[in-house]
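# Observations on chain architecture
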Amino acid sequence: MTSRLISFEGIDGSGKSTQIDLLSAWLTERNIEFVIVREPGGTSISERIRDILLDKQNLFFSGESESFLFLSARAQLVSEVIRPALESGKFVICDRFIDSTLAYQGYGRGMDLSQLEAMNNMAIGGCVPGQTFLLDVDIENSIQRRSGNEDDRMESAGVKFLSKVREGYIQLSTQFSNRINLLDSTEVKSSIFNKITTQLCRVYGDLNV
Ligand code: TMP
């Protein structure tokens, strides 16, 4: 059976939250049980790690240290929330997951991809997403869409970094094309959402009601 873990990925300002909100309403309407989590975060330990990771005062983060902290937050979230929810038959909707690490720390920061994959495997212990929706947005739109909010440490990393992350995501969608659905986030919201639900109904027969 395909894992009921569904992740949403994309650079900031790609519209993940909007699509997750729509999906949450859609599942509720159908009386389907689910939980929503965000990464890094979702448990009290992971939220504390998130504060460290996004704090702009932490200027001299090494790539290794940053990676271990993202992975530590993930390991905690999987064992405390994701695995128990999946075991009880619920869907889990994840705002970012394993691909964020490959895109940001791997393609963005230049950390070794195979090492990051091994670290991901250790953190998730087999909880691989059944489906991933990658919302692709160009850098200009991404920056425009998040204007007004103060940038956190990751968001202040600059345009060049963000371009590498975006390209990385696109490569991942080719590499894992059976799992990652690439969506153009400049399309109207309802049409993107239609594509998401069509794909979910195709993969999870019980959603088809
Ligand atoms: P967000 O909740 O606003 O998306 O902020 C999380 C930030 O952390 C975002 O810029 C992406 C980044 N990130 C990584 O660099 N690696 C990861 O593994 C995860 C989950 C997030």
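These numbers were taken from a predicted model, which means no experiment stands behind them.

Definitions and limits used
- Residues numbered from 1 in each chain as written.
- Predicted model: local features only at pLDDT ≥ 70, side-chain atom pairs only at ≥ 80, totals over all residues.
- Heavy atoms only, no water.
- Salt bridge = Lys/Arg side-chain N within 4 Å of Asp/Glu carboxyl O.
- Helix = DSSP H or I, 4+ residues; strand = E, 2+ residues; numbered from the N terminus.
- Buried < 20%, exposed > 50% of the residue type's maximum accessible area, 1.4 Å probe, protein only.
- Axes fitted to C-alpha atoms, helices over the stretch in contact; angles between N-to-C directions.
- Parallel < 35°, antiparallel > 145°, perpendicular 65-115°, else oblique.
- Left-handed = near helix turned anticlockwise from the far one by under 90°.
- Contact = heavy atoms within 4.5 Å.
- Nonpolar A, V, L, I, M, F, W, Y, C, P; charged D, E, K, R; others polar.
- Core = buried A, V, L, I, M, F, W, Y, C linked by side-chain atoms within 4.5 Å.
- Pairing = 2+ DSSP bridges.
- Phe/Tyr/Trp six-rings, centres within 6.5 Å; stacked < 30°, edge-to-face > 60°.

## Notes on the pattern of salt bridges
Taken as a whole and assessed by the stated rule, the structure comprises 12 salt bridges. We note a salt bridge from aspartate 99 to arginine 179, for which the minimum N-O separation is 2.8 Å. Taken together, the residues span a long stretch of sequence, with aspartate 99 in helix H4 (residues 98–108) and arginine 179 in the loop between helix H7 (159–175) and strand E5 (180–184) at a distance of 80 residues. There is no split in this pair, since aspartate 99 and arginine 179 are both buried.

## A closer look at the packing of helix H1 (residues 16–29) against helix H8 (residues 189–203)
Contact pair H1 / H8: the axes reach a minimum separation of 10 Å and the direction vectors enclose 55 degrees. By the angle between their axes, H1 is oblique relative to H8. Crossing of H1 over H8 shows right-handed handedness. Where H1 abuts H8, its residues Thr18, Gln19, Leu22, Leu23 and Trp26 lie against Lys189, Ile192, Phe193, Ile196, Thr197, Leu200 and Cys201. Here the contact of H1 with H8 is built from residues that sort into eight nonpolar, three polar and one charged.

## Quick look at the nonpolar core
One recurring pattern in soluble globular proteins is that nonpolar side chains are buried together. In this structure, Ile11, Ala103, Tyr104, Met154, Val165, Tyr169 and Leu172 are the most contacted members of the largest nonpolar core, which totals 25 residues. Elements supplying a minimum of two residues to this core: helix H2 (44–54), helix H3 (63–87), H4, helix H5 (113–124) and H7. At five residues, H7 tops the list of elements feeding residues into this core. Ignoring any residue separated from it by four or fewer positions in sequence, one finds tyrosine 104 in contact with Gly10, Ile11, Asp12, Arg96, Arg109, Met154, Phe161, Val165 and Tyr169. Membership of the second largest hydrophobic core comes to 19 residues, among which are Ile6, Phe8, Leu27 and Ile196.

## Some details on the sheet that holds strand E1 (residues 5–9)
Read across the open sheet, the five strands follow the order E2-E3-E1-E4-E5; overall the sheet is parallel. The sheet is open, and its two borders are formed by strand E2 (34–38) and E5, each paired with just one other strand. Going across the sheet, the axis of each strand differs from the next one's by a mean of 20 degrees, ignoring polarity. The pairing of E1 with strand E3 (residues 91–95) spans four bridges and is parallel. Its bridge partner being in E3, leucine 5 is matched across the sheet by valine 92. Sitting on the sheet, H4 touches E1, strand E4 (131–136) and E5, and the angle it makes with E1 is about 30 degrees. Sitting on the sheet, H8 is in contact with E1, E4 and E5, with an inclination near 165 degrees to E4.

## Describing the packing of aromatic side chains
Counting across every chain of the model gives four aromatic pairs. With a centroid separation of 5.5 Å and an interplanar angle of 35 degrees, the aromatic rings of phenylalanine 8 and phenylalanine 133 are classed as tilted. In this pair, phenylalanine 8 sits in strand E1 while phenylalanine 133 sits in strand E4, placing the two residues 125 residues apart along the sequence. Comparing phenylalanine 8 with phenylalanine 133 shows no difference in burial state: the two are buried. Measuring from centroid to centroid gives 5.0 Å for phenylalanine 91 and tyrosine 204, while their planes differ by 85 degrees, and the two rings are edge-to-face.

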